[in-house]
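# Fold and contact review
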Amino acid sequence: MDKHATQITREDLEDLREAFNKIDIDNSGYVSDFELQELFREARFSLPGYQVREIVETFVAGDTNKDEKISFEEFVSIYQDLKSKTLSETFRKTITRKDGIRSFGGTSGISSVGTQHSYSDEEKVAFVNWINKALAKDPDCRHLLPMNPDDQSLFTSVRDGILLCKMINLSQPDTIDERVINTRKLTTFTMTENLVLALNSASAIGCTVVNIDALDLMVGKPHLVLGLFWQIIKVGLFADIEISRNEGMICLLTEDESLDHLMSLSPEELLLRWVNYHLHNAGTHSIANFSEDIKDSRAYFHLLDQIAPRGERDDYMNFKIEMSGMNEHDLNQRAELMLQQASRLDCRQFVTAQDVTSGNAKLNLAFVANLFNTHPALQRGDLNGLEDARLEPESREEKTFRNWMNSLGVNPYVNHMFHDLCDGLVILQLYEKVNVPVNWKKVNQPPYPALGTNMKKLENCNYAVSLGKNVAHFSLVGIGGENLNEGSPMHTLALVWQLMTRYTLMVLSDLGDGERVGEQIILNWVNTTLSQTHKESQISSFRDLHISTSLPVIDLIDAIAPRTVKWDAVTRNQSGVMKTADKHNNAKYAISLARKIGARVYALPDDLVEVNPKMVLTIFACLMGHGMKKIPASKQPANKKKYSIK
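These numbers come from a predicted model, not from an experiment. (Residues numbered from 1 in each chain as written. Predicted model: local features only at pLDDT ≥ 70, side-chain atom pairs only at ≥ 80, totals over all residues. Heavy atoms only, no water.)

When helices and strands are tallied, the protein chain shows 26 helices and seven strands. Taking the intrachain contacts of the protein chain between residues at least 6 apart in sequence as the baseline, contacts between residues at least 24 apart amount to 61%. (Helix = DSSP H or I, 4+ residues; strand = E, 2+ residues; numbered from the N terminus. Contact = heavy atoms within 4.5 Å.)

Set out below in structure tokens:
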């Protein structure tokens, strides 16, 4: 070894040993040379395949005993040599600043040479202040909070994954079972587990994470950290900006507008409608955006005056918004006076005076969303003659499918399952995600013509159904393009379910090129894996009521990722009957465990408790794909099948 090689610390050595033990699952003290790339990945030192092959060739040439096996000591030697050679080359960064925008570039052999990204200082400050306030009392975040908005604390704060997990639960409560988060004696690997858990959980609530991995977050890449935080924060801000969750929004209906149309609006459109509703009541001009039209702060002054609490109830405080600030000629000072009034409503978040006068659309949108969530000021009695309207909330299945689509980065973002798919464009994007080729020359793209708009959308839907029947070989009996175009729930869900199933099974097709994957193959693998690891659980089908306890899922996770399960957190049905509350606790734990070990599970705990066979299938398929990748080739059964989904 080079005498100038970088020294390995005791903590590094412990991390390397933990990585080595994960690959050396038979405890032989050795790993095979072809397992080296997976070993580097576990050690968070990812290398491209050609470099690993070069290392293997060098190692084999110098392997005196010619056993083609690598001991822990040999692995440490290789790692140390590599680290010393790459240390001076990795992540040479240059940072510049212009008008609140910071740019940075990476020129390492690992990142894209010459790649340059930028991020907004204003967004960083806004997110830091929001997080500091939201998680100020969380004991698990004391080592991180409060962060300094003026330095790089936000980017380093995500390294252990705890803050991200907490923010996800803040935006969508109970997404992550906090018993699964590693909070003590943190090592590189337990922090990586937290980051994997956070990324898979963010995906499950509809955040796009396809271009982010745990290493990106561990090194704190600013543009990726900011982008992920914005998505997570936005999910929480927009959660209640939906008519079935806030029926008072029916009063936002305009003359001659249908309720269906109002319900089809995006959260951004509804917020704009909400602001203009209050501006109309104030007798002033409406706005068309959250950028140019709010720079003079006048709309905000009137909005605050309209939503300030008024009434005789003891639990309401009466506020009188001071409107004299509108007479201030200096726009920055006027914005500051407006924000002082917002502070009285405990709503001075996300924007500074400069963000208002510069028209920062993203931060002003967040500011308005927080105002709505805190003081909507919509009276249930004012419903435009629709007092008896009963609004169906989004079903759990619809929400799961919608989050899955959005996590893949479809454009436009899907806010309403059926309305937003009626032009076929999202469905066609999903086909590409599941390796079904789309001829985009056949697709009508917006903006559509003034006349014949629906005909263009219908043509897209017809093409989507044709691809499903003739290329993807989906079962679409009785489903036509008009069903998708009309937003038929039954027909749309049938197609989307098959798209999601194909996506889930693709992880299995990536492992081989043979037998077509079906339910029985997955079922057989589950039971075989459970029996080979001496687990008591067995399931007869994906409708087996034993699944409602989540014990088969937890046992399977323990089989493919030993030492992951904390058994004191699991309830066993010793008497043969398990309480519903215990089933829910097990289910929450099982789903979070699956995501923590790397399985991208979109199903929800209720899917296990209620034994929803469709979602149960996806859980076991994801675990099967993860389990088969996790077990090195040398440890796989000799008669292991290879699968396809064709």
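Additional details are given in the paragraphs that follow.
All right, on to helix H18 (residues 425–433) then. What sets the pattern is the α-helix's 3.6 residues per turn: residues three or four places apart point alike. Burial within H18 is extensive, with seven of its nine residues counted as buried. Those residues of H18 that sit buried are Leu425, Val426, Ile427, Leu428, Gln429, Leu430 and Tyr431. Count one or two residues on from H18 and you reach Asn435, which has phi positive near 65 degrees. (Buried < 20%, exposed > 50% of the residue type's maximum accessible area, 1.4 Å probe, protein only.)

Okay, the environment of Val565 next. Within the element layout of this structure, Val565 appears in the loop between helix H23 (551–560) and helix H24 (580–596). With 25 residues separating them along the chain, Val565 and Ala590 place their C-alpha atoms 9.0 Å apart.

Parts of the prediction with low pLDDT should not have their coordinates interpreted in detail. Confidence in the prediction of the protein chain, expressed as mean pLDDT, is 85, and 81% of residues score 70 or more. This model gives residues 1–5 a pLDDT under 50, and the stretch forms six contacts once residues within four places in sequence are excluded. (pLDDT = per-residue confidence, 0-100.)

Attention now moves to helix H8 (residues 188–204). Taking 1.5 Å per residue as the helical rise, H8 with its 17 residues ought to reach 24 Å, and the 24 Å between its terminal C-alpha atoms agrees with that figure. Within H8, 15 of the 17 residues are buried, leaving the element largely enclosed by the surrounding structure. Of the residues flanking the end of H8, it is Gly206, one or two places downstream, whose phi is positive at about 100 degrees. (Expected span 1.5 Å × (residues − 1).)

Two measures define how a pair of helices packs: the angle their axes make with one another and the distance between the axes. Two numbers describe how helix H13 (residues 298–307) lies on helix H16 (residues 361–374): the axes approach to 12 Å, and their chain directions differ by 15 degrees. One finds that H13 runs roughly parallel with respect to H16. Note that H13 runs across H16; the crossing there is left-handed. Mapping the contact onto sequence places Tyr300, Leu303, Leu304 and Ile307 in H13 and Asn364, Phe367, Val368 and Leu371 in H16. Of the residues contributing to the contact of H13 with H16, the split by class is seven nonpolar, one polar and no charged. (Axes fitted to C-alpha atoms, helices over the stretch in contact; angles between N-to-C directions. Parallel < 35°, antiparallel > 145°, perpendicular 65-115°, else oblique. Left-handed = near helix turned anticlockwise from the far one by under 90°. Nonpolar A, V, L, I, M, F, W, Y, C, P; charged D, E, K, R; others polar.)

Structurally, the position occupied by Arg402 is in helix H17 (residues 396–407). Residue class for Arg402 comes out buried when judged on its relative accessible area of 12%. Dropping the residues within four chain positions of it, Arg402 is found in contact with Glu394, Val414, Asn415, His416 and Met417.

Cis rather than trans, the peptide bond between Leu145 and Pro146 has omega equal to 0 degrees. Within the element layout of this structure, Pro146 appears in the loop between helix H5 (121–134) and helix H6 (153–157). Note the cis peptide between Asn411 and Pro412, where omega equals 5 degrees. Tracing the sequence through the fold places Pro412 in the loop between H17 and H18. Phi is positive for Asn435, which is not a glycine, with a value near 65 degrees. Looking at the secondary structure, you find Asn435 in the loop between H18 and helix H19 (453–470). Overall, Asn435 belongs to the exposed group, its relative accessible area being 55%. For His534, which is not a glycine, the phi torsion comes out positive at approximately 65 degrees. The residue His534 is located in the loop between helix H22 (519–532) and H23 in this model.

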